[in-house]
Amino acid sequence: MNKRRVVITGMGLITPIGNTVQETWASALEGRSGGNLIEHFDTSDFGVKIGANVKNFDVEQYLDRKEARRIDVFIQLGIAAGVQAIDDAGIADMVESDRVGIAIGSGIGGINTIEDTHSTLLKSGPRRVSPFFVPASVINMISGSLSIRYGFRGPNIAIVTACTTGTHNIGFGARMIQHGDADVMVVGGAEWATSPVTIAGFTSMRALSSRNEDPERASRPWDRDRDGFLLGDGAGVMVLEEYERAKARGAEIYCELSGFGMSADAHHITSPPDDGRGAVASMTNALLDANMNAEQIQYINAHGTSTPQGDVAETKSIKAVFGTNTRVAVSSTKSMVGHLLGAAGAVEGAVCALALRHQVAPPTINLDHPGDDCDLDYIPHTARDMTIDAALSNSFGFGGTNGTLIFSRL
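Residues numbered from 1 in each chain as written. Predicted model: local features only at pLDDT ≥ 70, side-chain atom pairs only at ≥ 80, totals over all residues. Heavy atoms only, no water.

Chemist: Is there a simple way to think about the pairing of strand 7 (residues 234-242) in this case?
Modeler: For a regular strand, the rule is simple: side chains alternate between the two faces of the sheet. Burial analysis of strand 7 places 9 of its 9 residues in the buried class, the great majority of the element. Here strand 7 shows no split at all, with Gly234, Gly236, Met238, Leu240 and Glu242 on one side and Ala235, Val237, Val239 and Glu241 on the other all buried. Bridge count between strand 1 (residues 6-14) and strand 7: 8 bridges; the pairing is antiparallel. Counted as the bridge partner of Gly12 is Val237 from strand 7. Judged from the 8 bridges that link them, strand 6 (residues 184-191) and strand 7 form a sheet pairing that is antiparallel. Bridge pairing in strand 7 places Val187 opposite Met238. (Buried < 20%, exposed > 50% of the residue type's maximum accessible area, 1.4 Å probe, protein only. Helix = DSSP H or I, 4+ residues; strand = E, 2+ residues; numbered from the N terminus. Pairing = 2+ DSSP bridges.)

Chemist: I'm lost on unusual backbone geometry in this one. Help?
Modeler: The phi dihedral of Trp222 falls on the positive side, at around 70°, and the residue is not glycine. Here Trp222 falls in the buried class, since its relative accessible area comes to 1%. Unlike most non-glycine residues, Asn366 shows phi in positive territory, near 65°. Here Asn366 shows up in the loop between strand 11 (360-361) and strand 12 (384-385).

Chemist: Please explain helix 4 (residues 111-124) as it appears in this structure.
Modeler: An α-helix turns once every 3.6 residues. As a result, residues three or four positions apart point the same way. Its 14 residues give helix 4 an end-to-end C-alpha distance of 20 Å, which sits within 8% of 20 Å, the value for a rise of 1.5 Å per residue. Among the residues of helix 4, those classed as buried are Ile111, Asn112, Thr113, Glu115 and Thr117. For helix 4, the secondary structure elements touched by its buried residues are helix 5 (133-137) and helix 8 (196-204). Two residues or fewer past helix 4, Gly125 is found with a positive phi of approximately 95°. (Expected span 1.5 Å × (residues − 1). Contact = heavy atoms within 4.5 Å.)

Chemist: Looking at this structure, how should I read helix 13 (residues 344-358)?
Modeler: The terminal C-alpha atoms of helix 13 lie 21 Å apart, and with 15 residues this matches the ideal 21 Å at 1.5 Å per residue to within 8%. A large share of helix 13 lies buried, amounting to 13 of its 15 residues. One or two positions beyond helix 13, positive phi appears at Gln359, with a value near 55°.

Chemist: I'm lost on the sheet that holds strand 14 (residues 401-408) in this one. Help?
Modeler: Working definition: the strands of a sheet are paired by backbone hydrogen bonds and lie parallel or antiparallel to each other. The strand order across the open sheet built from 10 strands is 5-4-6-7-1-8-14-13-9-10, with neighbouring strands paired in mixed fashion. The strands lining the two open edges of the sheet, one partner per strand, are strand 5 (156-157) and strand 10 (329-331). Relative to strand 14, strand 13 (residues 390-397) runs antiparallel, the two sharing 8 bridges. Pairing of Ala391 across the sheet is with Phe407, part of strand 14. The sheet strands contacting helix 6 (residues 141-150) are strand 4 (100-105), strand 5 and strand 6, and the helix crosses strand 4 at an angle near 150°. Packing of helix 7 (residues 165-178) onto the sheet brings it into contact with strand 1, strand 4, strand 5, strand 6, strand 7, strand 8 (255-264), strand 13 and strand 14, and relative to strand 6 it is tilted by some 170°. (Axes fitted to C-alpha atoms, helices over the stretch in contact; angles between N-to-C directions.)

Chemist: I would appreciate a short explanation of the environment of Ala343 in the present structure.
Modeler: Locating Ala343 in the fold gives a position in the loop between helix 12 (334-337) and helix 13. Distance in space between the C-alpha atoms of Ala343 and Gly400 is 17 Å, their sequence separation being 57 residues. Ala343 has contacts with Gly189, Ala190, Glu191, Gly234 and Ala235, leaving out every residue within four places of it along the chain.

Chemist: It is not clear to me how the environment of Ala103 should be interpreted in this structure. Could you clarify?
Modeler: Relative to the helices and strands, Ala103 resides in strand 4. Leave out the neighbours within four places in its chain, and Ala103 touches Ser143, Ile157, Asn169, Met185, Val186, Val187 and Gly188.

Chemist: Would you take a moment to explain the pattern of salt bridges for this structure?
Modeler: In a structure, side chains of opposite charge can pair up when their charged atoms sit close to one another. Tallied over the full model, the rule gives 22 salt bridges. For Glu30, the salt bridge goes to Arg32, with nearest N and O atoms at 2.4 Å. Judged by relative accessible area, which is 52%, Glu30 ranks as exposed. Among the residues examined, Arg32 registers a relative accessible area of 41% and is labelled partly exposed. Of the charged contacts, one joins Arg357 and Glu252 as a salt bridge, the two residues approaching to 2.7 Å between their closest N and O atoms. Here Arg357 is found in helix 13, whereas its partner Glu252 is found in the loop between helix 9 (243-248) and strand 8, with 105 residues between them in sequence. Assessed through its relative accessible area of 53%, Glu252 is described here as exposed. (Salt bridge = Lys/Arg side-chain N within 4 Å of Asp/Glu carboxyl O.)

Chemist: Any chance you could explain the pairing of strand 8 here in plain terms?
Modeler: Taken across its 10 residues, strand 8 has 8 buried, putting it largely inside the fold. With 2 bridges joining them, strand 1 and strand 8 adopt antiparallel strand pairing. Paired with Val7 across the bridge in strand 8 is Glu256. Relative to strand 14, strand 8 is paired through 8 bridges, and the arrangement is antiparallel. The residue bridging Met262 from the neighbouring strand is Gly403, located in strand 14.

Chemist: What am I meant to see in the nonpolar core here?
Modeler: A general tendency of soluble globular proteins is for nonpolar side chains to be buried together. Residues Ile8, Met11, Met238, Leu240, Tyr299 and Phe407 are the most contacted members of the largest nonpolar core, which totals 47 residues. Broken down by element, the residue count for this core peaks at 10 residues, all from helix 13. Listed in part, the 33 residues of the second largest apolar core include Val59, Val83, Ala190 and Ala235. (Core = buried A, V, L, I, M, F, W, Y, C linked by side-chain atoms within 4.5 Å.)

Chemist: Is there a simple way to think about the packing of aromatic side chains in this case?
Modeler: The geometry of an aromatic ring pair comes down to the distance between the two centres and the angle between the two planes. According to the stated counting rule, one finds 7 aromatic pairs in the structure shown. A ring pair is formed by Phe57 and Tyr62, whose centres lie 6.1 Å apart and whose planes are at 15°; its orientation type is stacked. Since its relative accessible area comes to 21%, Phe57 is described here as partly exposed. Taking 5.6 Å as the distance between ring centres and 75° as the angle between the ring planes, the aromatic pair formed by Phe172 and Phe260 counts as edge-to-face. Of this pair, Phe172 sits in helix 7 while Phe260 is found in strand 8, placing the two residues 88 residues apart along the sequence. Under the relative-accessibility criterion, Phe172 is labelled partly exposed at 31%. Chaining the aromatic ring pairs together yields one cluster made of Phe202, Phe229 and Phe398. Over the ring of Tyr243 we find Arg5; its NZ or CZ atom is 4.5 Å from the centre of that ring. (Phe/Tyr/Trp six-rings, centres within 6.5 Å; stacked < 30°, edge-to-face > 60°. Lys NZ or Arg CZ within 6 Å of the ring centre and 35° of its normal.)

What follows is the structure, encoded as structure tokens:
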């Protein structure tokens, strides 16, 4: 069976450095950090007091106030990015709505609503728990809400695979189009995880940066002084469309989604193997799916979380796939937006699409002194104008789940 070609015809972004695609992209090229002191809860007793929060987000641009109050903020962010992407693609009034599906997930989901509701239960009893609690917090409600809003009756799912969530939703959305389950898929991820319990949990794991005095420089992938990741909030959504259909309706096309690969580390619940062999398999599988050689990739948007072990493992995996003397350019968007967990792969996939469109690769900021075994071309500090015909995006999640996407110019 010949696979149908899949292209991107719309995108939406809500991130710590911008509330639209245009704002986020401009900030990324400027090397702007979204790091900040957390202010939406009291961090006095917390070892980590920093995050990368969405700023000046006006939910009433997308939902009425009453509806917004009934759902967790991660759903609000996902709906907002979805509306942006659907408007960008011009598919809001698509007649064949049974051929339009949605796959938008989240890594943690409505943790803030769960925490608040548990407090209400303990303080005031079960009768005070809202009847909207469950639909306000479950992960598939972004997909469900957008389906209801637009009448899209195609596949409606929400894949949850920790920090690989966004990438897997995009990849499986593309495969649904390739194999004829849908002609259009609205795909991505959303997260609002900077809650007390989540911050405390990651802090106990020693996974987060504790650079409380300088949050804008806390996320520093591959730098010798990196001490963990910066937890961020946000959402990224794409509209994927079968190529011939998109061309026939005169859609504006960002790029083609050419390859998707997956693998498992089968190693540890949180740490990658030192040699990055799971990442190697994921990238190799994506190249095979795209029918491409490693030499055809000019730019990699890395998982690059700013953790001591993970950054080295990914570097080794890239060398294993691309060669020890590879000249492929690599950067980490997480240096600016932090780690958006389930939204990370979707935001980073959008960055790859924009890099292809504009022929410029965003930088890795805060990379002052590369650490031991971190010796690739990480595009430090300043965006780079360069020829990019194909770009690769990596996402790796707890449980050892890996995903890779390859985007290419038409």
